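Analysis of the macromolecular model
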Amino acid sequence: MIVVTGGSGSGKSAYAEKQILQFGEMPRYYIATMENRDAESQKRVDRHRAMRADKKFVTVECPYDLQEIQLEKTGAVLLECMSNLVANELFVKDGMVHMEQTVEKIVQGIQRLKAQCRHLVVVTNEVFSDGLQYDEWTGEYIRCLGMVNQHLSELADQVVEVVYTIPVMQKG
Amino acid sequence: MELIIGGAYQGKKNTAQKLFGLRNTDILDGENCKIEDVFSCRAVSEFHMLIRRIMEQQESPEDFFEHLKTENPGVILISNEIGYGIVPLERFERDWREKTGRICCLAAQESDHVIRVLAGNPVCIKGEQIW
């Protein structure tokens, strides 16, 4: 399992995809966690879809409930992006789910997914260093993603920070 | 091309001066220099602010970078890493952050060295270490 992290516009998606291709010929799954709400996210989805064109990925939409995923075949799985999954799980219609509960649910989802594939690459996001004070909800979100990332890192063989397309190894 | 990156106030400019033998006057300030001067300078600091100014003028940062690559291939770019926070709600701020990342990706690909500075310490993340 590889965790790919980085700031916005750092080239982490392209790097993660390259890793999947390097595993060679096998079934490829792309687990998309972004909910498609507006033109801007549509643009982002289109950009990522274009990047995956001809690479034989089966796209699985999964904005929440990762633990429910049942893959047909064993292969290489790219999950993108943890920052969306955490937001979708944490913020629900009637308010906010308890943070610890969200962390536990997501970590279990990842473990189940990991058991179903040969290679798992998880893309996450570094959102932790702007030093700004946010409202309570955003603060909880940042904490939650930070906790999830720590768990991911523990489960992973390799953690790579992508800095403007350059991989910087943080673990492994 | 060379790229020097890092958080704010980490000594990036000093590092650039030491590593590449630059004088203070060799480095343009991307926040208030004339944009056309960047095509003939040795180095430009606050590159992320230069990208912002280009976007504020509704010009394409990609076109600007293409032009820079051709006109001034040996330029030394010094930029803050601004992509490590919560994605801003405001559209322009969000686009600026993303675009700065994308342009720095292009710059990193063009550069012989990418040097990341933390608390005054340079770490070479691309290319042979030059010190």
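As a reminder, the structure under discussion sits directly above these lines.
Residues numbered from 1 in each chain as written. Chains lettered and ligands numbered in written order. Predicted model: local features only at pLDDT ≥ 70, side-chain atom pairs only at ≥ 80, totals over all residues. Heavy atoms only, no water.

Remarks on the overall build of chain A
Each helix and strand in chain A was counted, giving 5 helices and 9 strands. Ordered by position in the sequence, the α and β elements of chain A form the string β-α-β-α-β-β-α-β-β-α-β-α-β-β. The C-alpha radius of gyration of chain A comes to 15 Å, within 12% of the 16 Å expected for a compact globule of 172 residues. Projected onto the principal axes, the alpha-carbon positions of chain A cover approximately 45 × 35 × 35 Å. Residues counted as buried form 52% of the 172 residues belonging to chain A. Across chain A, the fraction of contacts at a sequence separation of at least 24, relative to all contacts at a separation of at least 6, is 75%. Taken as a whole, chain A presents about 8,500 Å² of accessible surface, with 49% of it coming from carbon and sulfur. Separation of charge centres in chain A, based on 19 positive and 24 negative side chains, amounts to 8 Å. (Helix = DSSP H or I, 4+ residues; strand = E, 2+ residues; numbered from the N terminus. Rg over C-alpha atoms; globule rule 2.2 N^0.38 Å. Buried < 20%, exposed > 50% of the residue type's maximum accessible area, 1.4 Å probe, protein only. Contact = heavy atoms within 4.5 Å. Areas by Shrake-Rupley, 256 points an atom, 1.4 Å probe, with all protein chains shown as cover. Lys, Arg positive; Asp, Glu negative; His and termini not counted. Charge placed at Lys NZ, Arg CZ, Asp CG, Glu CD.)

Quick notes on the sheet that holds strand S1 (residues 2-6) of chain A
All names here are of chain A. Taken in spatial order, the 7 strands make up an open sheet running S3-S2-S4-S7-S1-S8-S9, and their pairing is mixed. Two strands close off the open sheet at either side, each with one partner strand: strand S3 (57-61) and strand S9 (166-171). Going from strand to strand, the sheet's axes swing by 20 degrees on average, the running direction of each strand aside. Sheet topology note: the strand S2 (residues 28-32)/strand S4 (residues 76-80) ladder contains 5 bridges and is parallel. Each residue of the ladder has a partner; that of Tyr-30, found in S4, is Leu-78. (Pairing = 2+ DSSP bridges. Axes fitted to C-alpha atoms, helices over the stretch in contact; angles between N-to-C directions.)

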